[in-house]
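Reading the structure
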Amino acid sequence: MKLWFTIDQIDTDTYCISEYRHWEETHCYLLEGKDRTLLIDTGLGICNIANEVRKLTDKPVIAVATHIHWDHIGGHRYYPEFYAHEAELDWLSGRFPLTMDTIRKMVIDHCDLPEGYNVNTYEVFQGTPKRVLQDGDFIDLGDRRITVLHTPGHSPGHMCFWEAEREYLFTGDLVYKDTLFAYYPSTDPQAYLQSLEKIAELPVKRVFPGHHTLNIQPEILIRMRDAFRQLDLQGKLHHGSGTFDYGDWAVWL
Ligand SMILES: [Zn+2]
Ligand SMILES: [Zn+2]
């Protein structure tokens, strides 16, 4: 039986906290700075991620989600100091487009739950962020500075986080190696292309996705951008046009 959390050290002060008992292999990232620590995504909220975080840092923790989907905000309840993008504030205040019953069914379907876990106790985090983020904002950790990139497409307020000094890009659900989801009503395939155009310009050394394998190389950003450009040229970059498979990744429109 796999443990709930798996921790991988990326460098001296950066860690990946993974939940491999979700079928999409969810990853959160902890970036420790001199003064503060940033937790990018807080996971499923089924087991307590704050216990893992405390083992890795004694600095005050700021939480931020790449986007407000249940599998990225589960641990927000442990972090009153959390930030969110302006375009998804309504999803944090009772206006998320799915019902609790639907989400609890997804929790059951997507996870190998701990024995005795009562899914009826599962709630989706709601709250008011300490800071509202916009494209180009910085999150200052003391000696590390993280740039906020608004990258809509998978969701309206999706953000990637760019650490220019280390050339790290944290991509959430915009980029990972498996089927990308751009078919729900709240997705936007055209915005997805624009977001890929934006991040494909960056001199990325390492890509850190929100799901699936951590063995992902920056060249995939160019391949995804080019494939989306091609779909656009063919008039297929819209909802309902199907699933397109590119070998090590796919997109469901
Ligand atoms: Zn998502
Ligand atoms: Zn996700």
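In case you missed it, the structure is sitting above this.
The structure contained in this document is the topic of the report that follows. The residue count restarts for each chain, going from 1 along the sequence in the order it is written. Naming scheme: in the order in which they are written, chains are lettered from A and ligands are numbered from 1. Only residues with pLDDT of at least 70 are given local features in this predicted model, and only at 80 or more are side-chain atom pairs given and counted; all residues enter the totals for whole chains, interfaces and linings. As a convention, hydrogens and water are excluded, and side-chain values are obtained from all of the structure's heavy atoms.

On to the overall build of the protein chain, then. Secondary structure follows DSSP: runs of H or I at least 4 residues long count as helices, runs of E at least 2 residues long count as strands, and numbering of each begins at the N terminus. A tally of regular secondary structure across the protein chain gives five helices and 15 strands. Rg of the C-alpha trace for the protein chain: 17 Å, near the compact-globule value of 18 Å for 253 residues, within the 12% margin. Principal-axis analysis of the C-alpha atoms gives the protein chain an extent of 50 × 45 × 35 Å. Here the protein chain holds 253 residues, and 55% of them are scored as buried. Partitioning the intrachain contacts of the protein chain with sequence separation of at least 6 by distance along the chain shows that 61% fall at a separation of at least 24. For every accessible area listed, the method is Shrake-Rupley and the probe measures 1.4 Å; residues are considered covered only by the protein chains on display. Carbon and sulfur atoms provide 50% of the accessible area of the protein chain, an area that totals close to 10800 Å². The sign given to each residue is positive for Lys and Arg and negative for Asp and Glu; His and the chain ends receive no count. Lysine's charge is taken at NZ, arginine's at CZ, aspartate's at CG and glutamate's at CD. With 24 positive and 38 negative side-chain charges, the protein chain shows a separation of 3 Å between the mean positions of the two kinds. All radius of gyration figures rest on C-alpha atoms, and the globule criterion is 2.2 Å times the number of residues raised to 0.38. Here's how the labels work: a residue is buried when its accessible area is under 20% of the maximum for its type, exposed when over 50%, partly exposed in between, all with a 1.4 Å probe on protein chains only. By definition in these notes, contact holds between two residues if any of their heavy atoms fall within 4.5 Å.

Time to look at the coordination of the zinc ion (ligand 2). Think of the donor list as every N, O and S atom within 2.8 Å of the metal, or within 3.2 Å for Na, K and Ca; water never makes the list, so a site can look incomplete. Here the zinc ion (ligand 2) is held by the protein donor atoms Asp-71 (OD), His-72 (NE2), Asp-173 (OD) and His-211 (NE2), which lie 2.0 to 2.5 Å from it. For the zinc ion (ligand 2), the four donor atoms in the first shell make angles of 86 to 156° at the metal, a pattern classed as irregular. The motif formed by the donor residues of the zinc ion (ligand 2), counted along the single chain, is D-H-x100-D-x37-H. The distance between the zinc ion (ligand 2) and the zinc ion (ligand 1) comes to 3.4 Å, and Asp-173 binds to both of them. Of this pair, His-72 sits in helix α2 (residues 70-73) while Asp-173 is found in the loop between β11 (168-172) and β12 (179-181), placing the two residues 101 residues apart along the sequence. Here the metal geometry follows the donor angles, with tetrahedral for four donors whose angles all fall between 85 and 135 degrees, square planar for four and octahedral for six when opposite donors are more than 155 degrees apart and every other angle is between 65 and 115, and irregular for all the rest.

Relative to the helices and strands, Ala-250 resides in strand β15 (residues 250-252). A C-alpha to C-alpha distance of 31 Å links Ala-250 and Phe-138, two positions 112 residues apart in sequence. For Ala-250, the contacting residues outside a window of four places in its chain are Asp-178, Thr-179, Leu-180, Thr-243, Phe-244 and Asp-245.

As a further point, take the sheet that holds strand β8 (residues 138-140). Judged by pairing direction, the sheet is mixed, and its five strands sit side by side in the order β8-β9-β10-β11-β13 without closing on themselves. With one partner strand each, in any of the chains shown, β8 and β13 (206-209) form the two edges of the open sheet. The mean angle between the axes of side-by-side strands here comes to 25°, regardless of whether they run parallel or antiparallel. Paired strands are those between which DSSP finds at least two bridges. Across four bridges, the pairing between strand β9 (residues 145-150) and strand β10 (residues 159-163) is antiparallel. By the bridge assignment for β10, Val-148 is matched with Phe-161. Every axis corresponds to a line fitted to the C-alpha atoms, with the helix fit spanning only the stretch in contact, and the corresponding angles, defined between N-to-C directions, vary from 0 to 180 degrees.

Turning our eyes to something else, we now look at helix α1 (residues 49-56). Along α1, the residues that are buried comprise Ile-49, Ala-50, Glu-52, Val-53 and Leu-56. Down the axis of α1, the sector holding all buried residues measures 155°, keeping them to one side. In this structure, α1 carries Arg-54 and Lys-55 as exposed residues pointing more than 90 degrees from its buried face. Under the rule applied, a polar contact is a pair of N or O atoms within 3.5 Å (in protein, one hydrogen donor and one hydrogen acceptor; residues adjacent in sequence only if both atoms are side-chain atoms). Its side-chain oxygen at 2.7 Å from the backbone nitrogen of Ala-50, Asn-48 defines the N-terminal cap of α1. Directions are taken from the helix axis to each C-beta atom, and the arc is the one they span.

Within the protein, the zinc ion (ligand 1) binds to His-67 (NE2), His-69 (ND1), His-154 (NE2) and Asp-173 (OD); these donor distances fall in the range 2.1 to 2.3 Å. The site at the zinc ion (ligand 1) holds four donor atoms, and with the angles between them running 89 to 173°, its shape is irregular. Mapped onto the sequence, the residues coordinating the zinc ion (ligand 1) show the spacing H-x1-H-x84-H-x18-D.

It is worth spelling out the layout of surface pockets at this point. Whether a set of points on the 1 Å grid over the protein atoms alone is a cavity depends on a 1.4 Å probe fitting there but being unable to get out, while an open set qualifies as a pocket with protein on both sides within 12 Å along at least five of seven lines; lining residues are those with an atom within 4 Å of a point. Grid points are joined across faces, edges and corners, and a volume is the space filled by probe spheres set on the points. Its volume calculated, the largest pocket comes out at about 400 Å³. Considering the residues around the largest pocket, the lining is formed by 21 residues, among which His-69, Leu-98, Met-106, Tyr-183 and Tyr-184 are closest to the centre. For the lining of the largest pocket, the elements supplying multiple residues, two or more each, are α2 and α3 (100-110). Ranked by the residues each element gives to the lining of the largest pocket, the list is headed by α3, at three residues.

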